Amino acid sequence: IEELYAGYLQTTLRKGELIAEVSIPEQGDRGAAYLKCTMRSADDWPALGVAVVLDTDGQHVRDARIVIGAATDVPTRLAAAEAALSDKTVDDNLLREVGDAATSTVDLIGDEHGSAAYKRELIRVYVPRAVRAALSQKGSDDR
């Protein structure tokens with residue numbers, strides 16, 4: 001999917017190309033969460049969207065995938081945050097480190113939903129919240 005987006009509302013598809021099928025593997029026993037922060041109503045375009053998928057053993061994270069959108073031109077994986085979280089046991093200190101790592105390498109855009117600096121702080125707060133939400137979803141039947 002990272003190769004599909006070229007910029008805001010732009011894809012890498014050429015004229016006449018069409019996506020005919022998308023295959024998404026089953027989640028299995030991984031936990032996942034999506035959180036968004038809007039500035040006005042819940043149906044407003046978000047200032048930030050965060051998606052997290054965790055492969056865990058209790059509070060120990062074996063593998064993590066973290067993606068943000070709306071604060072960037074294209075959906076963006078947060079490799080530094082994933083690395084900070086992977087093969088670790090989650091606690092408050094680790095979540096602070098993950099929040100800091102999430103902001104360390106990402107290029108953010110400012111717009112009518114918030115400045116780049118504001119969105120950086122949203123990321124610092126919302127990535128750890130999404131990790132906690134994904135941990136609480138692990139093994140839940142209502143995913």
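Below, the structure is looked at part by part.

The rules behind each value
Residues numbered from 1 in each chain as written. Predicted model: local features only at pLDDT ≥ 70, side-chain atom pairs only at ≥ 80, totals over all residues. Heavy atoms only, no water. Salt bridge = Lys/Arg side-chain N within 4 Å of Asp/Glu carboxyl O. Buried < 20%, exposed > 50% of the residue type's maximum accessible area, 1.4 Å probe, protein only. Helix = DSSP H or I, 4+ residues; strand = E, 2+ residues; numbered from the N terminus. Polar contact = N/O pair within 3.5 Å; in protein donor to acceptor, adjacent residues only side chain to side chain. Phe/Tyr/Trp six-rings, centres within 6.5 Å; stacked < 30°, edge-to-face > 60°. Lys NZ or Arg CZ within 6 Å of the ring centre and 35° of its normal.

We now examine the pattern of salt bridges. A complete count under the given rule lists 9 salt bridges for this structure. Here Arg14 and Glu17 are joined by a salt bridge, their closest N and O atoms 3.3 Å apart. Under the relative-accessibility criterion, Arg14 is labelled exposed at 61%. Taking the relative accessible area as the measure of exposure, Glu17 reaches 37% and is therefore partly exposed. A salt bridge links Arg40 to Asp44; the nearest nitrogen and oxygen atoms lie 3.3 Å apart. By relative accessible area, which is 56% here, Arg40 ends up exposed. Connected through shared salt-bridge partners, Asp100, Glu121 and Arg124 make up one network.

Further remarks concern the environment of Arg30. Take Arg30: it is sitting in the loop between strand 2 (10–11) and strand 3 (31–37). Engagement of the side chain of Arg30 in a polar contact is seen with the backbone oxygen of Glu26, the distance being 3.1 Å.

What follows covers the packing of aromatic side chains. Inspection of the entire model under this criterion finds 1 aromatic pair. Judged by centre distance (6.4 Å) and plane angle (85 degrees), the rings of Tyr8 and Trp45 are edge-to-face. Here Tyr8 is found in the loop between strand 1 (5–7) and strand 2, whereas its partner Trp45 is found in the loop between strand 3 and strand 4 (48–57), with 37 residues between them in sequence. Judged by relative accessible area, which is 44%, Trp45 ranks as partly exposed. The ring of Tyr126 has Arg129 sitting right over it, with the charged end atom 5.0 Å from the ring centre.

Functional significance is not addressed by these values, which are geometric in nature.
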